[in-house]
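Examination of the molecular architecture
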Amino acid sequence: MSLDVINFLADSTSAPTFDPANTAKFWVIAIIAVALAVVGTLEALAVIFTLNGTARNPEAASKMRTTMLIGVALVETVAIYLLIIAMLLLFVA
């Protein structure tokens, strides 16, 4: 599909052919990109709330940091799975 786009941009007289499989593939990848943005936002919120809790109770900073790192690692696994799915859809399918 990317070669069709490059050829279309190079020669504006030809129109790219419509391929439903490629269109569906790119919609899925766009949805995965949005999901990755949500994952990044959730990780940022986890760090913000941990810093807020540390500022309110400095004695519990080590426990909060450990819990935050475990939570961020679990959220990050979702991002890794989404990237693997995106790569498989992009290069294999």
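Think of each chain on its own: its residues are numbered from 1, step by step along the sequence as written. With pLDDT at 70 or above as the cut-off, local features in this predicted model cover only qualifying residues; side-chain atom pairs require 80 or more to be listed or tallied, and sums for whole chains, interfaces and linings still use all residues. With hydrogens and water set aside, each side-chain value is computed from the structure's full complement of heavy atoms.

Brief notes about the overall build of the chain
To keep things clear, this is the line we draw: Secondary structure is summarised from DSSP: a helix means a run of H or I of at least four residues, a strand means a run of E of at least two, and numbering begins at the N terminus for each. Residue contacts follow a heavy-atom distance rule, with two residues in contact if any of their heavy atoms lie within 4.5 Å. Residue exposure ignores everything except the shown protein chains as possible cover, and the areas themselves are Shrake-Rupley values with a 1.4 Å probe.
What the chain contains, in helices and strands, is three helices and zero strands. When the helices and strands of the chain are listed from N to C terminus, the series reads α-α-α. Contacts spanning at least 24 positions in sequence make up 61% of the contacts within the chain whose residues lie at least 6 apart. Carbon and sulfur atoms make up 75% of the accessible area of the chain, which amounts to about 7,000 Å² in all.

Some remarks on the environment of Ala-30
Going by this rule: Exposure categories follow from relative accessible area, calculated using a 1.4 Å probe and restricted to protein chains: below 20% of the type maximum is buried, above 50% is exposed, and the middle band is partly exposed.
With respect to the helices and strands, Ala-30 occurs in helix 2 (residues 20-56). Judged by relative accessible area, which is 35%, Ala-30 ranks as partly exposed. For Ala-30 and Ala-86, which are 56 residues apart along the polypeptide, the C-alpha to C-alpha distance reads 9.2 Å.

Considering the confidence of the model for the chain
The predicted coordinates of low-pLDDT regions are not to be read in fine detail. Definition in use: Residue-level confidence of the predictor is what pLDDT reports, using numbers from 0 through 100.
On average, residues of the chain score 82 in pLDDT, and 78% of them are at 70 or above. The secondary structure element of the chain with the lowest average pLDDT is helix 1 (residues 2-10), at 63, and the one with the highest is helix 3 (residues 61-91), at 89.

Examining helix 3
Using the following cut-off: Any helix carries an expected span of 1.5 Å times its number of residues minus one.
The end-to-end C-alpha separation of helix 3 is 44 Å, in line with the 45 Å expected for 31 residues at 1.5 Å each. The complete set of buried residues in helix 3 reads Ala-61, Met-68, Val-72, Ala-79, Leu-82 and Ala-86.

Observations concerning the environment of Val-38
Of note, Val-38 is situated in helix 2. Residue classification places Val-38 among the partly exposed positions, given a relative accessible area of 44%. Between the C-alpha atom of Val-38 and that of Ala-79, which follows or precedes it by 41 residues, the distance is 9.4 Å.

Considering a nonpolar patch on the surface
The following threshold applies: Patch membership requires over 30% relative accessible area and the absence of a salt bridge. Like charges are linked within 9 Å, and nonpolar side chains (Val, Leu, Ile, Met, Phe, Trp, Tyr) within 5 Å. For this analysis, a salt bridge means a side-chain nitrogen from Lys or Arg found within 4 Å of a carboxyl oxygen belonging to Asp or Glu.
A grouping of Phe-26, Ile-80, Tyr-81, Leu-83, Ile-84, Met-87, Leu-88, Leu-90, Phe-91 and Val-92 is seen on the molecular surface, where their side chains present a nonpolar patch of about 1,000 Å² in accessible area. Among the elements that take part in the nonpolar patch, helix 3 stands out by supplying eight residues, more than any other. Judged by relative accessible area, which is 66%, Phe-91 ranks as exposed.

Structural notes on the side chain of Thr-50
Note on placement: Thr-50 falls in helix 2. What Thr-50 contacts, discounting residues up to four positions off in sequence, is Met-64, Arg-65 and Met-68.

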